[in-house]
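Observations on the model geometry
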Amino acid sequence: MTNGEFNKLIVGSEEWCSFPDIHIPAVKARVDSGAKTSSLHAFNINTFRKGTELWVSFEVHPLQNNRKVTIRCEAKAVDRRSVKSSTGISEKRYVIQTTLNLNGQQWPIELTLANRDSMGYRMLLGREAMIGRMLVDPSSSFCLGELNQDKLNEYYGSTSNQTSGLKIGLLASNPDLYSNRRLMEAGEERGHEMIFLNIKQCYMKLDAENPEVHYRGGHLLSSLDAVIPRIKPSVTFYGCALTRHFESLDTYTLNSAEAIAQSRDKLYSLQLLLKNGLDIPTTGFANSPMDTNDLIEMVGGAPLIVKLLEGAQGRGVVLAETKKAAESVINAFKSLRANLLVQEFIKEARGKDLRCFVIDGKVVASIERQASPGEFRANIHQGGTASVVKVTAEEKKLAIKASKTLGLKVAGVDIIRSDKGPLLLEVNSSPGLEGIETATGRDIAGEMIRAIEKKLNWKPAMPEAVATNNLETEQV
Ligand SMILES: Nc1ncnc2c1ncn2[C@@H]1O[C@H](COP(=O)(O)OP(=O)(O)OP(=O)(O)O)[C@@H](O)[C@H]1O
Ligand SMILES: [Mg+2]
Ligand SMILES: [Mg+2]
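Numbering of residues starts from 1 in every chain and runs along the sequence as written. Each chain gets a letter, beginning with A, and each ligand a number, beginning with 1, in the order they are written. Side-chain atom pairs in this predicted model are given and counted only at pLDDT of 80 or more, local residue features only at pLDDT of at least 70, and totals for whole chains, interfaces and linings cover all residues. Side-chain metrics in this entry use all non-hydrogen atoms of the structure; hydrogen atoms and water are not considered.

If you check an unreviewed UniProt entry, the protein chain appears there as Probable alpha-L-glutamate ligase from Spartinivicinus marinus.

1. Notes on the state of the cysteines
Note: disulfide means a covalent bond formed between the sulfur atoms of two cysteine side chains. Inclusion rule: Cysteine sulfurs are considered disulfide-paired once they come within 2.5 Å of each other.
On inspection of all chains with the given rule, the structure shows zero disulfides. Here Cys143 is not cross-linked by a disulfide; its sulfur's nearest cysteine counterpart is in Cys17, at 14 Å.

2. Section: the packing of aromatic side chains
The criterion, for reference: Each pair of aromatic rings taken from Phe, Tyr and Trp, with Trp reduced to its six-membered ring, is defined by centres within 6.5 Å and is described as stacked if the planes are under 30 degrees apart, edge-to-face if over 60, and tilted in the remaining cases. Using a 1.4 Å probe on the protein chains alone, a residue whose accessible area is under 20% of its type maximum counts as buried, one over 50% counts as exposed, and one in between counts as partly exposed. A run of H or I in DSSP becomes a helix once it reaches four residues, and a run of E becomes a strand once it reaches two; helices and strands are each numbered from the N terminus.
A complete count under the given rule lists three aromatic pairs for this structure. For the pair Tyr155 and Tyr156, a centre-to-centre distance of 6.4 Å together with 75 degrees between the ring planes defines the contact as edge-to-face. Look at Tyr155 and you get partly exposed, because its relative accessible area is 35%. What makes Tyr156 buried here is its relative accessible area of 12%. Both rings, one in Phe345 and one in Phe376, keep their centres 6.3 Å apart while their planes meet at 85 degrees; by these two values the pair is edge-to-face. Of this pair, Phe345 sits in the loop between β22 (340–344) and β23 (352–359) while Phe376 sits in the loop between β24 (362–370) and β25 (385–388), and the two are 31 residues apart along the sequence.

3. Remarks on the pairing of strand β7 (residues 71–84)
Selection criterion: The pairing criterion is simple: DSSP has to find at least two bridges between the two strands.
Strand direction decides the pairing type here: strand β6 (residues 53–60) and β7, joined by six bridges, are antiparallel. Bridge assignment links Val56 to a residue of β7, and that residue is Ala75. Here β7 pairs with strand β8 (residues 90–102) via seven bridges, running antiparallel. In the strand pairing of β8, Asp79 is matched with Val95.

4. Things to note about the coordination of the magnesium ion (ligand 3)
How we decide: For Na, K and Ca the donor cut-off is 3.2 Å; for every other metal, N, O and S atoms count as donors within 2.8 Å. Water does not enter the count, which can leave sites looking incomplete.
With distances of 2.0 to 2.4 Å, the protein atoms coordinating the magnesium ion (ligand 3) are Glu426 (OE) and Asn428 (OD1). Here the magnesium ion (ligand 3) and the magnesium ion (ligand 2) are spaced 4.7 Å apart, linked through Glu426, which binds each one.

5. A short note on the coordination of the magnesium ion (ligand 2)
Around the magnesium ion (ligand 2), the protein contributes the donor atoms Asp414 (OD) and Glu426 (OE), which lie 2.2 to 2.3 Å from the metal centre. We classify Asp414 as buried; its relative accessible area is 3%.

6. Some remarks on the nonpolar core
Quick reminder of the rule: Only buried residues count toward a nonpolar core, which is a set of Ala, Val, Leu, Ile, Met, Phe, Trp, Tyr and Cys residues joined through side-chain atoms within 4.5 Å. Whether two residues touch is decided by their heavy atoms; if any such pair falls within 4.5 Å, the residues are in contact.
Counting 39 residues, the largest nonpolar core has Phe19, Ile24, Phe58 and Leu125 as its most contacted members. With five residues, the single largest contributor to this core is strand β3 (residues 24–31). The contact partners of Phe19, leaving out residues within four places of it in the chain, are Ile24, Val27, Thr98, Thr99, Leu100, Ile109, Leu111 and Met123. Grouped together as the second largest cluster of nonpolar side chains are 29 residues, Met184, Tyr252, Ile367 and Trp458 included.

7. Description of the domain arrangement of the protein chain
Quite often, the size of an interface is put as the accessible area lost when its parts meet. How we decide: Domains are outlined according to an automatic or database domain assignment. Two parts placed together each lose some accessible area; with a 1.4 Å probe, that loss summed over both constitutes the buried area. Salt bridges are counted wherever a side-chain nitrogen of Lys or Arg sits within 4 Å of a carboxyl oxygen of Asp or Glu. When residues are grouped by polarity, Ala, Val, Leu, Ile, Met, Phe, Trp, Tyr, Cys and Pro land in nonpolar, Asp, Glu, Lys and Arg in charged, and all others, Gly among them, in polar.
Taken domain by domain, the protein chain holds domain 1 (3–158), domain 2 (167–262), domain 3 (282–345) and domain 4 (348–455). Taken over C-alpha atoms, the centre of domain 2 sits 24 Å from the centre of domain 4. The interface is formed by 22 residues belonging to domain 2 together with 23 residues belonging to domain 4. Both sides of the domain 2 and domain 4 interface together cover about 1900 Å² of buried area, and 60% of this is carbon and sulfur. Summed over the three residues of domain 2 that lose the most area to domain 4, namely Tyr178, Arg230 and Leu254, the buried surface amounts to 28% of that side. Across the contact surface, domain 2 and domain 4 share three salt bridges. The closest approach of N and O atoms between Arg182 and Asp443, which form a salt bridge, is 2.7 Å. Secondary-structure elements contributing two or more residues to the side of domain 2 that touches domain 4 are α4 (178–189), β17 (226–229) and α6 (257–264). Of the residues forming the side of domain 2 that touches domain 4, the biggest block, six residues, is contributed by α4. Its residues assigned to classes, the side of domain 2 that touches domain 4 shows 13 nonpolar, six polar and three charged.

8. A look at the confidence of the model for the protein chain
If pLDDT is low for a region, its predicted coordinates should not be looked at in detail. Threshold: Confidence of the prediction at every residue is given by pLDDT, a number between 0 and 100.
Residues at a pLDDT of 70 or more form 91% of the protein chain, whose mean pLDDT is 88. Note that residues 464–476 has pLDDT below 50 and, in this model, 31 contacts with residues that lie over four places away or in other chains. Under the prediction, the complex receives an ipTM of 0.95, its pTM being 0.70.

9. Considerations on the pattern of salt bridges
Per the counting criterion, the structure on display carries 23 salt bridges. With a shortest N-O distance of 3.2 Å, Asp250 and Arg122 are connected by a salt bridge. Of the two residues, Asp250 sits in the loop between α5 (236–248) and β18 (252–253) while Arg122 sits in the loop between β9 (105–114) and β10 (123–125), which places them 128 residues apart along the sequence. Owing to a relative accessible area of 13%, Asp250 belongs among the buried residues under this scheme.

Shown next as structure tokens:
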């Protein structure tokens with residue numbers, strides 16, 4: 001190490017910094033040497049002239065997951081540049097030059113004004129701003145010091161104690177469905193304003209500076225704090241596009257569009273789960289009908305399971321008991337151009353499976369589902385019955401890891417008990433509440449609302465006035 005390097009700041013992957021010129025006293029930055037330029041999450045970006053100079057005015061929510069604190073800023077625009085985001089989409093962004101303060105050291109840096117923060121960070125510190133001044137230790141965070149809540153309150157006033165409820169949209173299709181009724185009810189019970197948003201009646205404006213979502217007849221949906229996406233398979237494409245658009249409006253979505261989309265693709269999600277070391281029944285997938293025989297051999301021969309990639313509620317899951325039946329089912333589905341996978345049949349499960357309901361990294365309830373007599377599918381919609389079950393620590397870990405792998409904050413994880421141990425069947429992004437609430441008597445809808453409150457740092461004005469059903473403890 002040269003002498004010069006001793007003078008460099010050692011920073012972790014996240015650090016608090018400030019921007020004195022634009023009056024931002026504290027913002028948490030993601031340190032990302034993979035990005036060239038630094039960026040700040042800004043909205044309501046408008047240009048104006050000061051003499052011959054082009055200036056921009058913009059607003060910033062400096063705190064992560066908090067839309068109550070807003071700072072209005074003005075700065076000279078030094079450029080307008082095409083910037084490629086991590087998702088590969090390039091867009092034009094204004095660039096300002098401003099002073100960065102990091103642990104008392106100050107220097108001017110260029111900042112692009114980005115209008116989305118898919119990573120949740122309001123600020124990204126890129127390598128141009130770091131060159132010659134700092135060394136990154138990616139394994140640590142806040143090497144330059146943490147900021148506690150008191151300090152943040154001092155800077156921004158009280159950031160958490162809100163007296164009124166949140167405005168939460170339920171993005172779904174059928175308001176009469178048990179799960180949707182319960183979510184509306186649970187939110188209202190906890191003092192929030194709940195708005196039912198029919199997916200098909202939402203429409204959006206895609207615009208770099210002012211993206212919008214409108215509802216039936218032009219009503220603007222700009223002030224929602226959070227959205228609960230409950231997207232049925234037939235509207236996955238549009239529902240995910242809407243969810244993504246809410247994310248770009250800085251509305252918190254309980255499950256992200258990306259997580260919903262990838263968990264809907266059964267094949268892709270199984271690949272992701274396997275890659276992360278989670279066990280699944282042996283599964284085969286092929287395109288050409290010429291390979292049907294080998295496909296059957298691959299999963300250990302008949303009896304075997306055939307699943308449509310776009311199935312749900314047990315529809316599109318077939319048990320082929322003989323090799324002949326397997327061949328005809330696979331070929332029949334293929335002739336209809338359906339995407340399907342074949343899977344080893346877990347006979348020893350005897351028509352039972354587990355549904356673990358995961359919220360925010362915890363298993364809040366689990367049930368065992370037993371298929372009706374003569375049926376192998378345990379889905380409630382196929383006549384299965386649910387009962388409370390004690391799940392093992394291994395099963396719990398599997399469910400939590402599966403939700404995490406797919407990036408789902410709320411998930412219904414289906415597990416089957418095999419002779420080889422628990423195997424993952426699938427992970428659902430809009431798991432039904434009826435079966436699990438009825439069997440366990442738990443307030444799962446309330447738990448989902450609480451996960452939003454926690455994420456948005458919302459606390460009831462009078463905690464004792466709100467009915468709480470504390471489900472922090474995992475069900476065993
Ligand atoms: N490999 C298998 N071996 C034995 N039984 C299986 C197997 N795969 C699925 N099953 C049974 O069939 C049921 C339905 O399968 P799966 O959960 O994969 O799809 P799905 O229920 O259609 O999707 P969703 O849960 O989203 O509605 C399972 O709950 C389980 O009881
Ligand atoms: Mg299932
Ligand atoms: Mg499913």
